[in-house]
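Each chain, letter by letter, is given below.
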Amino acid sequence: MVLKSRLRFKLKPGESELAKKVRHRYSQKRRPKWFFRFGLSLLLITGFTVIGLVFFNPWVWKLDLRSELEKSKIATTLYDRNGEPIAGLFPTTRLWVPLRDIPEDLQKAVIITEDKRFYQHKGIDFRGILRAVYQDILAGRKVQGGSTITQQLVKNLFLSHEKRIIRKIFEMAYAIRIEQQYSKEQILEFYLNSIYFGHGAWGAQSAAEVYFGKPLRELTVSECALLTGLIKSPEYYSPFRNAERALERRNLVLNLMGNEGYLKREAVERLSQEPVNVLEQPGSTYVGAYFVDYVLSKLKQRTNFNEEYLRGAGLSIYTTMDRRVQSAAEEAIKSLPVSMTDQWGVVQPQGAIVVLKPTTGEILALVGGRRFSQAQVNRAFEIYRQPGSAIKPFLFAAALETGYRPETKMIDQPLEIMVNGRPWRPQNYDNRYRGEITLQTALEESVNTVAVQLVRELGPGNVYALAQRMGLENLVAEGEKNDLGPAPLALGGLTKGLSLLELTGAYTPFANQGIRSRPFGIFRVYDRAGKLIYQERISQETVISRETAFDLTSMMEGVILRGTGIRANIGIKAAGKTGTTNRNTNGWFIGYTPEYLAGVWIGNDRSDQPLSVKGIPLGSGAAASIWGGLLRGISADTAGVQPDWPWR
């Protein structure tokens, strides 16, 4: 009967209605069992694979995570001229702070907010994952994460932020391995020094400087809560972008700290009433960011080291930077008025400052813009602009070298000169003519017609040669457009232009008895073993006579006391020269005291855009004012005193 039944069941032609029903019921019973077994097998295989990759991952277990993690800690360190550290050059620049120096308030806030069971789990918090999944299901969207601090550390240092399953698996495997090799305190230290807080701030120390402009150790409880709140989404909760969101997030962190018993409820209520007190705009991560950028650039140029090696080789780089002068220069540039924000969000106009020790060429300070950003050019040495009348001291030096005197008289009068077959009529900046005047007056009042006559009388080649010898190395001698003419050498309309560092360095002979001191910013570089691998030395050359340097200094004192640079007069003995280019696109002031030589440039990043703020033109007067403010700050001990020049 069974056999007949089976045979009859297989028969399809002419089968009965009952047979069809039996066939349908049989197939309905078999299919679910088959699918269930296949699905269960697939799930088990996937589960065991995941467990294997997490707990027995051959790639992770072969990797020496200790040495890999230490790479993020053993960074190249830059030091100032006094041997104090400026910055640690991690792959993303930050200052490393030992856990003992990180406020306990910040440590507790981060643990309570990001990983409450940090001290209980072994790298993966399965309870936290289930809780996060439950909360997500209740909310119908992702509202809570299940990653531990160790997993976040792994993601920041080793993996991408892509939301892929394989990445998550490796993240968990790394986390378990790290927990086996490091203590909880070490992991927390790595985490707090590597997490991103927004606005270019990597690590807690950088965040304290960017948001509050003060050292990490000085943060209050509410400030620690604000930084902790940023970790989830630095840009979204940025107090610079949305103060209300930042306040709500900070108060959430404070409430969590209260719920866990770290803060009393009265303290939570009191702190929650405090406003979000941050800087008006993001601060620099540390003093000297532009200086560090310059040092890295020069080392890459002059050695075979690439940036990855320079940042992560654990080098010790001793620089010429004077932290006090650098800080004053960064403050001085902030006094430049704001005109607008360009299409890339960069405030205009921009500015740059260089401060040298004229007797040696050591760069004491270098600022390449209002606020450091690796995405922006370093305007102190990477851009070339027309110097305008700031080039005239080189022309007047050539005249004094050939027998002219400060009291030599010339005629300020209208001129017409043929240049390339076309008439050229140079104009004075004030559109007036003074008649017979001395060279002293011509330099003080930046008279163009006298400067043009001097180039013609001395010969462009002679002026060019002296200017180049004094440090203007980017002058162009060949080609259809060159600098062998009165317009470039008398008025500063150069073919390529000059950088601020180049022009400031070329003034060292005036401030140093005729001796040119080549600017340099690095004393020595040592590798991790303490071996000297790079060194820069003082490089000097006599390029003009002592008498010419004395006379030019006296003439440029008059520029500050009576002439175009009067806004640089701050009551101390100083000499300098202004420079403004056609259409008012660049403003310069290069000046020096017995102790410091400083150059200031201001201009828009678009070189053809005139300088103005609310319709009011800016120029060399604004640059002279910034110079005066800077020198007033760094020469506070000698302000109001009239010392003799060192060489007199």
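A quick note: this is a predicted structure, and the numbers were derived from the prediction, not measured. (Residues numbered from 1 in each chain as written. Predicted model: local features only at pLDDT ≥ 70, side-chain atom pairs only at ≥ 80, totals over all residues. Heavy atoms only, no water.)

## Here's the deal with the overall build of the protein
- A tally of helices and strands in the protein yields 25 helices and 20 strands.
- In the protein, the share of contacts with a sequence separation of at least 24, taken over all contacts with a separation of at least 6, comes to 69%.
- Here the protein displays about 31400 Å² of accessible surface, and carbon together with sulfur accounts for 52% of that area. (Helix = DSSP H or I, 4+ residues; strand = E, 2+ residues; numbered from the N terminus. Contact = heavy atoms within 4.5 Å. Areas by Shrake-Rupley, 256 points an atom, 1.4 Å probe, with all protein chains shown as cover.)

## With respect to the sheet that holds strand β6 (residues 350-357)
- Taken together, five strands build an open sheet; the order of strands is β7-β6-β18-β17-β16 and the sheet is antiparallel. On the outer flanks of this sheet lie β7 (362-367) and β16 (575-580), each paired with one strand and no other. Within this sheet the neighbouring strands show an average axis-to-axis angle of 10 degrees, counted without direction.
- Where β6 lies against β7, five bridges are found, and the strand directions are antiparallel. (Pairing = 2+ DSSP bridges. Axes fitted to C-alpha atoms, helices over the stretch in contact; angles between N-to-C directions.)

## Topic: the sheet that holds strand β2 (residues 85-89)
- One open sheet holds the five strands; their spatial order is β2-β1-β3-β13-β14, and the pairing between them is mixed. Lying at the two open borders of the sheet, with one neighbouring strand each, are β2 and β14 (532-535). Neighbouring strand axes in the sheet, compared pairwise and without regard to direction, differ in orientation by 15 degrees on average.
- The sheet contacts of helix α14 (residues 289-302) involve β1 (76-79), β2, β3 (316-319), β13 (522-526) and β14, and relative to β3 the element is tilted by about 115 degrees.

## Observations concerning the side chain of S222
- One can find S222 in helix α11 (residues 221-230).
- One polar contact links S222 to E274, side chain to side chain, over a distance of 2.9 Å.
- Look past the residues within four positions of S222 in its chain and what remains in contact with it is R250, L271 and E274. (Polar contact = N/O pair within 3.5 Å; in protein donor to acceptor, adjacent residues only side chain to side chain.)

## With respect to the pattern of salt bridges
- On inspection of all chains with the given rule, the structure shows 25 salt bridges.
- For K116, the salt bridge goes to E260, with nearest N and O atoms at 3.6 Å. Of this pair, K116 sits in the loop between α5 (104-114) and α6 (126-139) while E260 sits in the loop between α12 (243-259) and α13 (265-272), and the two are 144 residues apart along the sequence.
- Overall, the relative accessible area of 46% leaves K116 in the partly exposed class.
- Taking relative accessible area as the criterion, E260 reaches 42% and is therefore assigned partly exposed.
- Within this structure, D412, D430, R432, R434 and E445 form a network of salt bridges that share partners. (Salt bridge = Lys/Arg side-chain N within 4 Å of Asp/Glu carboxyl O. Buried < 20%, exposed > 50% of the residue type's maximum accessible area, 1.4 Å probe, protein only.)

## Let's talk about the packing of α12 against α13
- Between α12 and α13, the shortest axis-to-axis distance is 9 Å and the interhelical angle comes to 175 degrees. One element, α12, and the other, α13, form an angle in the roughly antiparallel class. The segment α12 lies against α13, with R250, N251, L254, N255, G258 and N259 engaging R265, V268, L271 and S272.
- Its residues assigned to classes, the contact of α12 with α13 shows three nonpolar, five polar and two charged. (Parallel < 35°, antiparallel > 145°, perpendicular 65-115°, else oblique. Nonpolar A, V, L, I, M, F, W, Y, C, P; charged D, E, K, R; others polar.)

## Details of the confidence of the model for the protein
- For the protein, per-residue confidence averages 86 on the pLDDT scale, and residues scoring 70 or more make up 83% of the total.
- The low-confidence segment residues 1-9, where pLDDT is below 50, has five contacts with residues more than four positions distant or belonging to other chains.
- Note that residues 50-54 has pLDDT below 50 and, in this model, twelve contacts with residues that lie over four places away or in other chains. (pLDDT = per-residue confidence, 0-100.)

## Here's the deal with the side chain of N512
- You can see N512 is positioned in the loop between α23 (508-511) and β12 (515-517).
- A polar atom in the side chain of N512 sits 3.4 Å from the side chain of S517.

## Regarding unusual backbone geometry
- In this structure, P349 follows Q348 across a cis peptide bond, with omega equal to -5 degrees.
- Summarising the element assignment, P349 is placed in the loop between β5 (347-348) and β6.
- For R583, which is not a glycine, the phi torsion comes out positive at approximately 60 degrees.
- Its location among the elements puts R583 in the loop between β16 and β17 (586-592).
- Looking at R583, the relative accessible area reads 57%, which means it is exposed.

## Section: the pairing of β3
- In this structure, β1 lies alongside β3, joined through three bridges in parallel fashion. Bridged to Y79 within β3 is Y318.
- Sheet topology places β3 next to β13; four bridges connect them, and they run antiparallel. The residue of β13 that forms the bridge with S316 is Y526.

## Considerations on the packing of aromatic side chains
- With the rule as written, the count across this model stands at 17 aromatic pairs.
- Seen in terms of ring centroids, W96 and F190 are 5.5 Å apart; in terms of plane orientation they differ by 75 degrees. Their pairing is edge-to-face. Residue W96 is found in the loop between β2 and α5, and its partner F190 is found in helix α9 (residues 184-194); the two are separated by 94 residues along the sequence.
- Of the residues examined, F190 reaches a relative accessible area of 4% and is grouped as buried.
- With 5.1 Å between their ring centres and 85 degrees between their planes, Y294 and F381 make a pair best called edge-to-face. Of the two residues, Y294 is situated in helix α14 and F381 in the loop between β7 and α17 (392-401); the sequence distance between them amounts to 87 residues. F381 shares its class with Y294; the two are buried.
- A cation sits over an aromatic face here: K184 above F118, 4.6 Å from the ring centre. (Phe/Tyr/Trp six-rings, centres within 6.5 Å; stacked < 30°, edge-to-face > 60°. Lys NZ or Arg CZ within 6 Å of the ring centre and 35° of its normal.)

## Concerning the environment of A329
- In this fold, A329 is placed in helix α16 (residues 323-333).
- Of the residues examined, A329 reaches a relative accessible area of 0% and is grouped as buried.

## Notes on the packing of α17 against helix α24 (residues 546-561)
- Where α17 meets α24, the axes come as close as 10 Å, and the angle between the chain directions of the two elements is 135 degrees. By the angle between their directions, the pair α17 and α24 is classed as oblique. Here α17 and α24 pass one another in a crossing that is right-handed. In contact with P393, F396, A397, L400 and E401 of α17, α24 contributes T548, D551, L552, M555 and M556. (Left-handed = near helix turned anticlockwise from the far one by under 90°.)

## Overview of helix α10 (residues 204-212)
- Burial within α10 is extensive, with eight of its nine residues counted as buried.
- Residues of α10 that are buried: A204, Q205, S206, A207, A208, V210, Y211 and F212.
- The secondary structure elements touched by the buried residues of α10 are α5, α9 and α11.
- G213 occupies a position one or two residues after α10 and carries a positive phi of about 65 degrees.

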